[in-house]
Amino acid sequence: MNNFVYDIPTRVYFGEGQIKHLGEELKKYGQRVLLTYGGGSIKRSGLYDAVMQQMAEAGLEVYELADIAPNPRIESVRRGAEMCKAHQIDVLLAVGGGSTLDATKFMAAGALVDHDPWDFFNERWAPIHRALPIVTVLTLSATGSEMDCGGVISNPDTQDKIGRMAPPLLPKASFLDPTYTYTVSQYQTACGAADMISHILEVYFTTEPDLYMLDCFMEGMLKTIIKYTPVAMAEPDNYEARANLMWTSSWAINGFVNGGKRHAWSCHPIEHELSAIYDITHGLGLAIVTPRWMKYCLDETNVDKYVQFGVNVFGIDPSQPAMDIAHEAIDRLSHFLFDTLQLDSTFPAVGIDRTHFATMARKACGGKVLPGFKPLKQEDVEQIFEMCMA
Ligand code: NZQ
Ligand code: ZN
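Residues numbered from 1 in each chain as written. Chains lettered and ligands numbered in written order. Predicted model: local features only at pLDDT ≥ 70, side-chain atom pairs only at ≥ 80, totals over all residues. Heavy atoms only, no water.

Undergrad: Describe the pairing of strand β8 (residues 173–176), and please don't skip the residues or the numbers.
TA: Sheet faces and side chains relate simply in a regular strand, where the side chains alternate between the two faces. Judged by which residues are buried, β8 turns out to be covered on both faces: Ala173 and Phe175 on one side and Ser174 and Leu176 on the other are all buried. Where strand β1 (residues 11–14) meets β8, 4 bridges bridge the pair, whose relative direction is parallel. In the sheet register, Phe14 faces β8, and the bridge partner there is Leu176. Pairing of strand β5 (residues 134–138) with β8 involves 3 bridges; the strand directions are parallel. Looking across to β8, one finds that Val137 is bridged to Phe175. (Buried < 20%, exposed > 50% of the residue type's maximum accessible area, 1.4 Å probe, protein only. Helix = DSSP H or I, 4+ residues; strand = E, 2+ residues; numbered from the N terminus. Pairing = 2+ DSSP bridges.)

Printed below as a string of structure tokens:
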């Protein structure tokens, strides 16, 4: 195994009613707060009122930026960075799902530089040395943005969707109250589960040395998602299910399971190209791509990892030939995503045709090779896309 540094300094307030600590947490960083949120779910659920009440009681001065879209746009980031500068904001409070959290992270960084925030993502790749403090209140279990230092921003003008990580973007504190996810639709609950599964599989399937303990941890998280997502879809206010999914979303991607692996991810760069052009939900794109990617990468040299996955996560009979177990494991994953979670299973079902295959594949590979579990060239990614057509 590789050496690694474990450092996740986000303070997590987990559980029902933890919002009562919001005021004291924000006041650590100053008086002037920029509250950010999406298209209105927090108003419909009553969370907006609860958050405003906490901030009023703490005597904070609040500015608001609303309407952050799913697959958040650079335009929202620009607006937020300008607001931070204009109002001398001390701390940003993001209330929502991954899109709101991601956009807010780059507002916090953009507030402290003179250039356009898109320079964090384009060929300039402007450094992110500093950011204003960020606090989050999570409303959707999926991305792990509440406990990681990354984010993904879309630019419709260039049809790009690009991720960036930088330690200053790590939230100072995150409020994880599972009851805030009771209003998440069945569809978004399912997409969130697919996203979490992919975060885990991107790390689980690697060529780098595995730490047995971390593999067991990842298998446990996968089993948790498989057990509790259908429960949360059937009973939206099942606290136990929502709590299990919420904490899993954070731990799937907060840096812990990597265990020093330096590998690159595969399905995420591919999916981001789908979202960039077709604006589909991130988790849905991952659900369609992931089983095909697994099938495409499978060979005699890596089959053991598939066997481990199939036996430990799905309980497949280990006495069968390895290749049979591997294929059954992929089938079981597909069954979970497309039958149990009822997600669309093909590109045509979500409006994707072959028009942009070459462009998307080239961009996913960064013009060269997409490293990862199996290095993929443009033609490999195009073949994976082709597998997604039926
Ligand atoms: O905008 P509102 O009105 O809030 O509605 C949202 C949105 O329509 C709704 N929603 C959120 N919480 C809700 C709710 N509806 C009812 N009740 C609630 N409690 O759900 C819809 C989707 O929200 P969004 O924030 O877009 O979803 P998600 O959390 O899945 O975030 C997806 C974004 O995160 C990026 C994705 O690429 C995508 O852009 N990712 C971020 C990562 C990170 N920071 O590390 C990693 C991920 O791999 C991912 O790439
Ligand atoms: Zn993801």
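Undergrad: Report on the coordination of the zinc ion (ligand 2), specifying residues and quantitative values.
TA: Here the zinc ion (ligand 2) is held by Asp195 (OD), His199 (NE2), His268 (NE2) and His282 (NE2), and the distances to it run 1.9 to 2.2 Å. For the zinc ion (ligand 2), all donor residues lie on one chain, and their spacing in sequence is D-x3-H-x68-H-x13-H. Residue His199 is located in helix α6 (residues 186–204), and its partner His282 is located in helix α10 (residues 282–297); the two are separated by 83 residues in the primary sequence. Classification of His199 by relative accessible area gives buried; the value is 2%. (Donors = N, O, S within 2.8 Å, 3.2 Å for Na, K, Ca; no water.)

Undergrad: Please set out the pairing of strand β6 (residues 150–155) residue by residue, giving values where relevant.
TA: In terms of burial, β6 is largely enclosed, as 6 of its 6 residues are buried. A two-sided burial pattern is seen for β6, the buried positions comprising Gly150, Val152 and Ser154 on one face and Gly151, Ile153 and Asn155 on the other. As paired elements, β6 and strand β7 (residues 160–165) share 6 bridges and run antiparallel to each other. If you follow Gly151 over to β7, its bridge partner there is Arg164. Turn length for the β6-β7 hairpin, with the two strands adjacent in sequence and antiparallel, is 4 residues, and the turn residue Gln159 shows positive phi of about 55°.

Everything listed here is a matter of coordinates, which is why it stays silent on function.
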